[in-house]
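Understanding the architecture of this molecule
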Amino acid sequence: MNIQRHSLFVSIIYLIFLDQTDSFSEETSDENNDLLFYYKCINVIERNNFLRAVHRQARRARSFCWFNNICSSWENMEFKHHFRITKTTFEWLCTEIAPILLQKNNSRSTLRLPIKQKVSVTLWFLATGQSYRTLGQLFALGETTICFIIRSVLCAIKCHFLSSKIRFPNNYTEFSNIAKKFKRKACIPYAIGAIDGSHIPIKAPKEYPMDYYNRKGFYSIVLQSSGW
């Protein structure tokens, strides 16, 4: 807030106060009380501006320190422990989806964020399932921004990899290559895919809630996924 807007805002508050005190007695509309109220308004506004500035500086410092310094210094194993992929795969993923993110991103607030930071936010969310509030504290971003980043990155991954990477094998050669990989990694012969399920937490439905209550003690919908 610049000086002119600051003075105008204080003056408006002061005039409102004078207008409200016209009907009061002379004791309550004393000039000293008016001046005291005027200076209190100035102190409150200056204090709020100071707190906002400190908050912005703290967010920038925290974001720079944690993401740019700490995450970048992690070794490959520690990086994979947190993000579930290696640094090499992370760099490759950022390079692959960067054109889509730059093309579809129309938000001014998120346009300034690096691609690596957006991908990091999304991978951390997928790996840990932490809330937007926790991610916001960790990456020094607002909850709305976190939500927008995750949706945009997932949409970019879907658009770029759905047709080329997520598909069922079409011929014997592809089946054979997949079976060899399974046998080499898991010592399981003649396997061409894996199926697993995950409980997605939900609120208890109004109709038949017990049908959604799982053995782990919460309401959920079962998501089944496969890979090959």
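Numbering of residues starts from 1 in every chain and runs along the sequence as written. Since the coordinates come from a predicted model, pLDDT governs what is reported: local features require at least 70, and pairs of side-chain atoms require 80 or more to be given and counted, while whole-chain, interface and lining totals use all residues. Think of the side-chain values as coming from all heavy atoms in the structure, minus any hydrogens and water.

Within an unreviewed UniProt entry, the label attached to the protein reads DDE Tnp4 domain-containing protein, and the organism entered is Rhizophagus irregularis.

Topic: the overall build of the protein
Heads up, the rule is: Think of it this way: any DSSP run of H or I at least four residues long counts as a helix, any run of E at least two long counts as a strand, and we number them from the N terminus. Burial classification: accessible surface area is computed with a 1.4 Å probe over protein chains only, and a residue below 20% of its type maximum counts as buried, one above 50% as exposed, and the rest as partly exposed. By definition, residues are in contact when any of their heavy atoms lie within 4.5 Å. Method for areas: the Shrake-Rupley scheme with a 1.4 Å probe, in which residue coverage is limited to the protein chains shown.
Helix and strand counts for the protein stand at nine helices and two strands. Shown N-terminal to C-terminal, the secondary structure of the protein runs as helices and strands in the order α-α-α-α-α-α-α-α-α-β-β. Taken across its 228 residues, the protein has 25% of its residues classed as buried. In the protein, once contacts between residues fewer than 6 apart in sequence are set aside, the share between residues at least 24 apart is 53%. When the accessible area of the protein is evaluated, it comes to approximately 16900 Å², of which 57% is carbon and sulfur surface.

Side note on the nonpolar core
For clarity, the threshold we go by: We define a nonpolar core as any set of buried Ala, Val, Leu, Ile, Met, Phe, Trp, Tyr and Cys residues linked to one another through side-chain atoms lying within 4.5 Å.
Phe-83, Phe-90, Ile-97, Val-119, Val-121, Leu-123 and Leu-141 are the most contacted members of the largest nonpolar core, which totals 27 residues. Secondary structure elements with two or more residues in this core: helix H3 (76–83), helix H4 (87–104), helix H6 (115–128), helix H7 (132–139) and helix H8 (143–161). Setting aside residues no more than four positions away along its own chain, Ile-97 makes contact with Val-119, Val-153, Ala-156, Ile-157 and Phe-161.

Let's talk about the pattern of salt bridges
What counts is decided by this rule: Only one rule defines a salt bridge in this text: a Lys or Arg side-chain nitrogen within 4 Å of an Asp or Glu carboxyl oxygen.
Tallying each qualifying case throughout the model produces two salt bridges. Close ionic contact of Glu-91 with Lys-116 constitutes a salt bridge, the shortest N to O distance being 3.1 Å. Separated by 25 residues along the polypeptide, Glu-91 in helix H4 and Lys-116 in helix H6 bring together distant segments of the chain. Residue Lys-116 is classed as partly exposed on the basis of its relative accessible area, which comes to 38%.

Topic: unusual backbone geometry
Positive phi outside glycine occurs at Arg-84, with the angle close to 70°. Examined against the element boundaries, Arg-84 turns out to sit in the loop between H3 and H4. Look at Cys-187: it is not a glycine, yet its phi comes out positive at around 60°. Position of Cys-187 among the secondary structure elements: in the loop between helix H9 (172–186) and strand E1 (194–201).

Comments concerning the packing of aromatic side chains
Going by this rule: Only Phe, Tyr and Trp rings are paired, with Trp represented by its six-membered ring, and only when their centres lie within 6.5 Å; those with planes under 30 degrees apart are stacked, over 60 edge-to-face, the remainder tilted.
Evaluated as defined, the whole model comprises ten aromatic pairs. Here the aromatic rings of Phe-83 and Phe-90 are separated by 6.3 Å at their centres, their planes lie at 40°, and the arrangement is tilted. Take Phe-83 and Phe-90: they sit in the same class, and that class is buried. Note on Trp-124 and Phe-139: the rings are 6.4 Å apart at their centroids and 85° apart in plane angle, and the pair reads as edge-to-face.

A few points about H8
In plain terms, the rule: Here a helix's expected span is defined as the number of its residues, less one, multiplied by 1.5 Å.
The terminal C-alpha atoms of H8 lie 27 Å apart, and with 19 residues this matches the ideal 27 Å at 1.5 Å per residue to within 8%. Taken residue by residue, H8 has Thr-145, Ile-146, Cys-147, Ile-149, Ile-150, Val-153, Ala-156 and Phe-161 as its buried positions.

Thoughts on the packing of H6 against H7
For clarity, the threshold we go by: To get an axis, a line is fitted to the C-alpha atoms, and for a helix only the part in contact is used. The angle between two axes follows their N-to-C directions and goes from 0 to 180 degrees. For this classification, under 35 degrees means roughly parallel, over 145 means roughly antiparallel, 65 to 115 means roughly perpendicular, and everything else is oblique. The handedness criterion is simple: a crossing whose near helix is rotated anticlockwise from the far helix by less than a right angle is left-handed, and one whose near helix is rotated clockwise is right-handed. Following the grouping adopted for this structure description, the nonpolar residues are Ala, Val, Leu, Ile, Met, Phe, Trp, Tyr, Cys and Pro, the charged ones are Asp, Glu, Lys and Arg, and the polar ones are all others, Gly among them.
Packing of H6 against H7 leaves a shortest axis separation of 11 Å and a crossing angle of 140°. In terms of orientation, H6 lies oblique with respect to H7. The element H6 and its partner H7 pack so that their crossing is right-handed. From H6, Gln-117, Ser-120, Val-121, Trp-124 and Phe-125 reach across to H7, where they touch Tyr-132, Leu-135, Leu-138 and Phe-139. For the contact of H6 with H7, the residue count by class is seven nonpolar, two polar and no charged.

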